Amino acid sequence: MNLYEKTATELSDMLRRKECSAAEISQEVLERTETSEERIGAYITRCEDVMQQAEAVDKAIAEGRALHPLAGIPIALKDNISTKGIRTTCASRMLENYVPPYDAAVTEKVRRAGMVITGKTNMDEFAMGASTETSYMKVTHNPHNPEYVPGGSSGGSAAAVAAGETILSLGSDTGGSIRQPAALCGIVGLKPTYGSVSRYGLVAYASSLEQIGPMGKTVRDTAMLYSLICGRDQMDATTVRREYPDFASALSGKVQGLRIGVPREYFGDGICPEVSVAVWEGIRLLEQAGASVREISLPDTEYAVSAYYIIASAEASSNLARYDGVRYGFRAKHYKGLTDMYERTRSEGFGDEVKRRVMLGTFVLSSGYYDAYYKKARAAQQRIKRELADAFRECDILITPTYPTPAFPLGEKSDDPLKLYMSDICTVTANLSGLPAISVPCGKTASGLPMGMQMMAPAFSEQVLLNAAYAYETLCGGFWSGGTVI
Ligand code: GLN
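Residues numbered from 1 in each chain as written. Predicted model: local features only at pLDDT ≥ 70, side-chain atom pairs only at ≥ 80, totals over all residues. Heavy atoms only, no water.

## Quick notes on the site of the ligand
No. 1: Neighbouring residues of the ligand: 15 residues in total, closest Gly175, Ser177, Tyr205, Tyr308 and Arg357.
No. 2: A distance of 3.4 Å is found between a nitrogen atom of the ligand and a side-chain nitrogen or oxygen belonging to Tyr309.
No. 3: For the shell around the ligand, a count of residues per class yields 6 nonpolar, 6 polar and 3 charged. (Near = heavy atom within 4 Å. Polar contact = N/O pair within 3.5 Å; in protein donor to acceptor, adjacent residues only side chain to side chain. Nonpolar A, V, L, I, M, F, W, Y, C, P; charged D, E, K, R; others polar.)

## Re the pattern of salt bridges
No. 1: All told, the structure shown has 21 salt bridges when counted by the stated rule.
No. 2: The closest approach of N and O atoms between Asp390 and Arg393, which form a salt bridge, is 2.3 Å. Of this pair, Asp390 and Arg393 both sit in helix H12 (residues 370–394), separated by 3 residues, roughly a single helical turn.
No. 3: Several salt bridges converge on common partners, so that one network encompasses Lys59, Glu63 and Arg65. (Salt bridge = Lys/Arg side-chain N within 4 Å of Asp/Glu carboxyl O. Helix = DSSP H or I, 4+ residues; strand = E, 2+ residues; numbered from the N terminus.)

## Considering the sheet that holds strand S2 (residues 74–78)
No. 1: Strand order in the open sheet formed by 11 strands is S1-S3-S2-S4-S6-S5-S10-S11-S9-S7-S8, and the pairing between neighbours is mixed. This sheet does not close on itself; its edge strands, each paired only once, are strand S1 (43–46) and strand S8 (292–296). Each strand of the sheet is rotated relative to its neighbour by a mean of 30 degrees, with strand direction disregarded.
No. 2: Two strands pair when backbone bridges link them, and strand S4 (residues 168–173) and strand S6 (residues 211–216) are joined in this way by 5 bridges, in the antiparallel orientation. (Pairing = 2+ DSSP bridges. Axes fitted to C-alpha atoms, helices over the stretch in contact; angles between N-to-C directions.)

## Looking at the environment of Ala204
No. 1: Within the fold, Ala204 resides in the loop between strand S5 (188–191) and S6.
No. 2: Judged by its relative accessible area of 12%, Ala204 falls in the buried class.
No. 3: Residues Ala204 and Thr174 lie 30 residues apart in sequence; the distance between their C-alpha atoms is 9.9 Å.
No. 4: If near-sequence neighbours (up to four positions away) are discounted, Ala204 is found in contact with Glu210, Asn319, Leu320 and Arg322. (Buried < 20%, exposed > 50% of the residue type's maximum accessible area, 1.4 Å probe, protein only. Contact = heavy atoms within 4.5 Å.)

## Looking at a nonpolar patch on the surface
No. 1: A cluster of nonpolar side chains, Leu360, Phe363, Tyr369 and Tyr373, forms an exposed patch at the surface whose accessible area comes to about 340 Å².
No. 2: For Tyr369, the location among the structural elements is in the loop between helix H11 (352–365) and H12. (Patch = residues over 30% accessible without salt bridge, like charges linked within 9 Å, V, L, I, M, F, W, Y side chains within 5 Å. Areas by Shrake-Rupley, 256 points an atom, 1.4 Å probe, with all protein chains shown as cover.)

## As for the packing of helix H8 (residues 273–288) against helix H15 (residues 462–475)
No. 1: Axis separation between H8 and H15 bottoms out at 10 Å; the angle between their running directions is 95 degrees. Taken together, the axes of H8 and H15 lie roughly perpendicular to each other. Where H8 abuts H15, its residues Gly282, Leu285 and Leu286 lie against Ala468, Ala471, Tyr472 and Leu475.
No. 2: Along the lines of polarity and charge, the residues of the contact of H8 with H15 split into 6 nonpolar, 1 polar and no charged. (Parallel < 35°, antiparallel > 145°, perpendicular 65-115°, else oblique.)

## Points about the pairing of strand S10 (residues 437–444)
No. 1: In terms of burial, S10 is largely enclosed, as 6 of its 8 residues are buried.
No. 2: For S5 and S10, the ladder comprises 3 bridges, and the chain directions are antiparallel. Among the inter-strand pairings, Gly189 is bridged to a residue of S10, identified as Ser439.
No. 3: One ladder, built from 6 bridges, connects S10 with strand S11 (residues 450–456); its direction is antiparallel.

## Details of the nonpolar core
No. 1: Met115, Phe126, Leu170, Leu286 and Met455 are the most contacted members of the largest nonpolar core, which totals 130 residues.
No. 2: The residues touching Leu286, leaving out its near neighbours within four places in the chain, are Val255, Ile260, Ala291, Ile399, Met453, Met455, Ala468, Ala471, Tyr472 and Leu475.
No. 3: Counting residues in each nonpolar core, the second largest holds 10 residues, with Ala158, Val161, Ile187 and Trp480 among its members. (Core = buried A, V, L, I, M, F, W, Y, C linked by side-chain atoms within 4.5 Å.)

## Examining the packing of aromatic side chains
No. 1: Taken as a whole, this structure holds 15 aromatic pairs when the rule is applied.
No. 2: Aromatic pair Tyr308 and Tyr309: ring centres 4.8 Å apart, planes at 90 degrees, arrangement edge-to-face.
No. 3: Overall, the relative accessible area of 4% leaves Tyr308 in the buried class.
No. 4: Of the residues examined, Tyr309 reaches a relative accessible area of 7% and is grouped as buried.
No. 5: Centroid distance Phe363 to Tyr373: 5.7 Å. Interplanar angle 50 degrees. Geometry classified as tilted. Of the two residues, Phe363 is situated in helix H11 and Tyr373 in helix H12; the sequence distance between them amounts to 10 residues.
No. 6: In this structure Phe363 comes out as partly exposed when scored by relative accessible area, which is 34%.
No. 7: Joined through ring pairs, the aromatic side chains of Tyr98, Phe126, Tyr323, Tyr328 and Phe350 make up one cluster. (Phe/Tyr/Trp six-rings, centres within 6.5 Å; stacked < 30°, edge-to-face > 60°.)

## Considering the side chain of Lys78
No. 1: Considering the arrangement of structural elements, one finds Lys78 in strand S2.
No. 2: Salt bridges are absent for the buried Lys78, whose nearest opposite-charge side chain, Asp124, sits at 7.2 Å.
No. 3: Only 2.9 Å separates the side chain of Lys78 from the side chain of Ser172, close enough to count as a polar contact.
No. 4: Among residues more than four places away in sequence, those in contact with Lys78 are Lys120, Thr121, Met123, Ala127, Ser153, Ser154, Ser157, Leu170, Gly171, Ser172 and Ser177. (Lys, Arg positive; Asp, Glu negative; His and termini not counted.)

## Digging into the packing of helix H9 (residues 304–319) against H11
No. 1: The interhelical angle for the contact between H9 and H11, taken along N-to-C directions, is 100 degrees, at an axis separation of 7 Å. With respect to H11, the axis of H9 lies roughly perpendicular. For the pair H9 and H11, contact is made by Tyr309, Ile310, Ser313, Ala314 and Ser317 and by Arg357, Val358, Leu360, Gly361, Thr362, Val364 and Leu365, respectively.
No. 2: Counted by class, the contact of H9 with H11 contains 7 nonpolar, 4 polar and 1 charged residues.

Take a look at the structure:
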């Protein structure tokens, strides 16, 4: 098996046993990227100093320095995560040439651990979308079938891992953007509890909903990366000070006594039967291993997508007000006066989807409509939160599909934003309620496209979640058998 097809866990062990060098790993990943990237299009920016980063790790190993287990492992970062000296575009014309003067908190942790940053990945513009098709920069293709979307908005991060163009990646999840592309590309993606990972240096879309999270080929890989990035950060006041265990080493794979809830609203209309069947097969597997399963009802799920799009757009309209052509980013070339400059800069700098959100957000926050929309959405959010809290009195985890369908052909939904919004039905409740949720692969369709199963748990129960996911992975005989796609 090629090195780029291996998991981070395997590579980390090989490095420790001196069976390969960090330079060899990076060399293989770069060669693979050279041959596959034209078909995949995962990266917006590829780092030029990959080999230097890897060689620095080899030098540290030779000197006998104590290193983090992820030292020397290649990682790609979504292009809304600030990287000092490396262009960070959010896949927008607005930030096409923006080079941040500082690192995000997670970037700093990744660098300090000696991970090798391979580049910045493609995404929906400002993370608004579910297929990576709203990117101003390029198209990303699903590594399982290049005519299909990779999911979004962290589509580049998912495709890069699935295609062997990196080993691990970071995405951000505001309404499903880590879990959805993970599902559609056949990898694992974790949306952590709100407040467990610093958002310092994450370009803001909807600040009260989003978290940065890890993506990998296996649950253990994902757990290792989560352990690295989580924790209190004084630069982000929403992060919570608490003990975060070493998640990977605490994985037991035991599910005896685990109480699984299966909310029927997540298996109704609009969920492709092939996906439902695959998820139910997964649930049965866990049941046979000793978990108990009960069907439950979460009727307020009905309001989730509407509430999400109102709240997310409201926050986006405020967060994106900073792109005014003055402080940073794009400025229109021709204008007459200040107001005209603002208008032209924003008209030319933002794509359609971003403009739609800014307009919608401004509308729902306007004095005439605030009560009718924003206030109601907040009330719905409270109900959804309460309903989930009640469910978790009787269940340890909930299992649902991640995405209602397998990947769809590129272009199929780009003219119909509502269709895309509806596909967030399974993922937005975790964001509205701040809960952790993970997507794990649960088989492929008859035509060979991956599907994802989502597990959700109470706040800060990542260990329970990762353990259940790991148990499922073990019962399946592993998600990753090596062998990258296309
Ligand atoms: N599809 C959702 C949206 O467009 C979620 C995106 C995300 O999680 N960043 O808002």
